[in-house]
Amino acid sequence: MDNVLFTFNPNTSEQSLYFIGGLILFIVCLLLFFFSLKNNKKLLLLFSGFIGIVALGTSIFSYLTENRILPVQLYENGISSTKGFINFNDIEMIKLDEFKEHSKYPIQKDGQLVVLDQTKLLIIKEYNSTTHVLSGLNYPVNDIYNELETLVQQWREKNKSEK
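Let us look at the structure shown here. Note that residues are indexed from 1 along each chain, following the sequence as it is written. Given that the model is predicted, a residue must reach a pLDDT of at least 70 before its local features are reported, and side-chain atom pairs must reach 80 or more before they are shown or counted; all residues, however, enter totals for whole chains, interfaces and linings. Where side-chain values are given, they derive from all heavy atoms of the structure, hydrogens and water being excluded.

1. Concerning the overall build of the chain
No. 1: Helix and strand definitions follow DSSP, with helices as H or I runs of at least four residues and strands as E runs of at least two, each counted in order from the N terminus. A tally of helices and strands in the chain yields three helices and nine strands.
No. 2: The secondary structure elements of the chain, listed N-terminal to C-terminal, are β-α-α-β-β-β-β-β-β-β-β-α.
No. 3: Radius of gyration here uses only the C-alpha atoms, and the compact-globule reference equals 2.2 Å multiplied by the residue count raised to the power 0.38. Taking 2.2 N^0.38 as the reference for a compact globule, 163 residues should give roughly 15 Å; the C-alpha atoms of the chain span a radius of gyration of 23 Å, well beyond that estimate.
No. 4: Projected onto its principal axes, the C-alpha positions of the chain cover 80 × 50 × 25 Å.
No. 5: Remark: exposure states derive from per-residue accessible area (1.4 Å probe, protein chains only) relative to the maximum for the residue type, with buried under 20%, exposed over 50%, and partly exposed in between. Within the chain, buried positions represent 26% of all 163 residues.
No. 6: In this description, contact between two residues means that some pair of their heavy atoms is separated by no more than 4.5 Å. A fraction of 58% describes how many contacts in the chain between residues 6 or more apart in sequence connect residues 24 or more apart.

2. Notes on the packing of aromatic side chains
The geometry of an aromatic ring pair is captured by the separation of the ring centres together with the interplanar angle, meaning the angle of the planes.
No. 1: We call Phe, Tyr and Trp rings a pair once their centres come within 6.5 Å, taking the six-membered ring for Trp, and we label the pair stacked below 30 degrees between planes, edge-to-face above 60, and tilted otherwise. Under the defined criterion, the tally for this structure stands at five aromatic pairs.
No. 2: Summarising the aromatic geometry, the rings of F33 and F34 are spaced 5.8 Å apart at their centres and angled 80 degrees between planes, so their arrangement reads as edge-to-face.
No. 3: With centroids separated by 5.6 Å and ring planes inclined at 65 degrees, the aromatic side chains of Y75 and F85 adopt a geometry described as edge-to-face. Of this pair, Y75 sits in the loop between strand 2 (72-74) and strand 3 (78-81) while F85 sits in strand 4 (residues 84-87), placing them 10 residues apart in sequence.

Spelled out as structure tokens, the structure:
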């Protein structure tokens, strides 16, 4: 690995929001839990305990997810992502795809199925059938794709001329 040419930081603001919101809701539910325990409010005890546990779980898993999403770094000879380093000579295909989520009911508008949500995905496939997927929810996949495509073409032309 040489020096880093490009670094793309992930967007983890949504994960941070869930982490902080989960902690706040857990603290509120904890206070309600002890209040209802002291005053013998059984229904409030049940709901505050259940919602508190769900809020704590959301907070913990949001924190873990936020820390697992690493920056994507492009080098002269490879790319470093959350799954490790990939050399350009191992890359078989780079594809920018759009994932569309349709309604489970066949609802159509102007002859097309209604799209509920759509996300762009950057798919990097290696020759050994390992697939790396970067989501548009976390990364600027259009920018990564453009820079990666340019670097891979330059690297292949450079190595083709050396052979």
